[in-house]
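Examining the three-dimensional arrangement
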Amino acid sequence: MSKKGRIPFIKAGAFVVAELDPIVAFVANKGVTLTEGLDTTQKADMRAYMSLVSNVLANAELYVSWVDRTTYEEVTMSRYGSVHPWPLNHILTKQKRQQIHRRLKVLGWKQKSLEEVYNEVEHCCSALSERLDKQDFFFGKRPTELDALVFGHLFTLLTTPLPDNRLATIVRSFSNLVKLCQVIERDFFERNNGGSSSGNGEGDYDKLEDLNQLPM
């Protein structure tokens, strides 16, 4: 549905807006903002942490999905190619993998070992956990774009089964980050979806509490 092939995206009437920054700008033009209560210093801090999340968690997810051979062969190949007929599924998946490899090489991530990637994720989560501390959200009692961005990445890591679920295990070691995901899920998804989950209806999604055991 996203013309750019990027997520997240929203559909508002005739408009389809993809990626977080354009979405934030789009809704701001409609008079909706999550940062009106933040001062200049807090906004700068928020952008710095958002950059950390994008530079670490996003690249780690790409690395595990497209560079780690086990995950690529057991999960990514079938998942990415499933919407296309043969042989297009193999051709497009190979092209996408080459594209991701080039990107990660430029960013200095392709050369990393899997263990180094896990360490980067752990350091990132540690910094986020320290910033969140015992607060409901990163900047007090109201969520900001940072909370939305962190939720998107961490919820995915917690609920996506992989051959090696070390990423989920790392996230689970930071209880306040897991709690943040649970609070956002409860307050903004269950409320807006009538509590439905794990079904076939539009708006259904995987809930953390529906899993007998989060991936280890």
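Residues numbered from 1 in each chain as written. Predicted model: local features only at pLDDT ≥ 70, side-chain atom pairs only at ≥ 80, totals over all residues. Heavy atoms only, no water.

Here we take up the packing of aromatic side chains. Scanning the model with the defined rule gives three aromatic pairs in all. An angle of 35° between the planes, with centres 5.0 Å apart, marks the rings of F151 and F155 as tilted. Here F155 and F151 lie together in helix α6 (residues 145–159), a separation of four residues that amounts to about one turn. Each member of the pair, F151 together with F155, is buried. Taken together, the ring pairs connect W66, Y72 and Y80 into an aromatic cluster. The ring of Y72 carries the charged tip of R97 above its face, separated from the ring centre by 3.9 Å. (Phe/Tyr/Trp six-rings, centres within 6.5 Å; stacked < 30°, edge-to-face > 60°. Helix = DSSP H or I, 4+ residues; strand = E, 2+ residues; numbered from the N terminus. Buried < 20%, exposed > 50% of the residue type's maximum accessible area, 1.4 Å probe, protein only. Lys NZ or Arg CZ within 6 Å of the ring centre and 35° of its normal.)

So, about the environment of T159. The residue T159 is located in helix α6 in this model. We classify T159 as buried; its relative accessible area is 12%. Polar side-chain contacts of T159 include one of 2.7 Å to the backbone oxygen of F155. (Polar contact = N/O pair within 3.5 Å; in protein donor to acceptor, adjacent residues only side chain to side chain.)

What follows covers helix α3 (residues 69–81). Residue pairs three or four apart in sequence face the same way in an α-helix, which turns once every 3.6 residues. The sharpest bend along α3 reaches about 40° and sits at V75. Turning to α3, its buried residues are T71, Y72, V75, T76 and G81. Looking at the packing, one finds that the buried side of α3 touches α2 (40–66) and α4 (88–106). (Bend = angle between axes of the 7 residues up to and from the residue. Contact = heavy atoms within 4.5 Å.)

Attention shifts here to α4. Look at α4: 27 Å from first C-alpha to last across 19 residues, which is about the 27 Å you get at 1.5 Å a residue. Buried within α4 are the following residues: N89, T93, R97, I100, H101 and L104. End-on, the buried residues of α4 take up no more than an arc of 105°, which puts them together on one face. Along α4, exposed side chains directed more than 90 degrees from the buried face belong to K94, R102, K105 and V106. Of the residues one or two after α4, G108 is the one with positive phi, at around 80°. (Expected span 1.5 Å × (residues − 1). Arc of directions from axis to C-beta.)

Further remarks concern unusual backbone geometry. Cis geometry is found at the peptide bond from W86 to P87, where omega equals 5°. A positive phi angle, close to 55°, is found at D133, a residue other than glycine. With respect to the element layout, D133 can be found in the loop between α5 (114–132) and α6.

Time to look at the nonpolar core. Ranked by internal contacts, the top residues of the largest apolar core, which has 46 residues, are C125, F138, L146, V150, L154 and L177. Residue assignment for this core shows that the elements contributing at least two residues are α2, α3, α4, α5, α6, α7 (166–172) and α8 (175–190). Sort the elements by how many residues they give to this core and α2 lands first, with ten residues. (Core = buried A, V, L, I, M, F, W, Y, C linked by side-chain atoms within 4.5 Å.)

Okay, the packing of α2 against α3 next. Orientation of α2 relative to α3, taken along the N-to-C sense of each, is 100°, at an axis distance of 7 Å. As far as their axial angle goes, α3 and α2 are roughly perpendicular. Where α2 abuts α3, its residues V64, S65 and W66 lie against T71, Y72, T76 and Y80. When its residues are assigned to classes, the contact of α2 with α3 shows four nonpolar, three polar and no charged. (Axes fitted to C-alpha atoms, helices over the stretch in contact; angles between N-to-C directions. Parallel < 35°, antiparallel > 145°, perpendicular 65-115°, else oblique. Nonpolar A, V, L, I, M, F, W, Y, C, P; charged D, E, K, R; others polar.)

Looking at the protein, pLDDT values average 81 and 74% of them are 70 or higher. Of all the helices and strands in the protein, helix α1 (residues 20–29) carries the lowest mean pLDDT, 63, while α5 carries the highest, 96. In the predicted structure, residues 195–205 sits below a pLDDT of 50 and forms 21 contacts with residues beyond four places in sequence or in another chain. (pLDDT = per-residue confidence, 0-100.)

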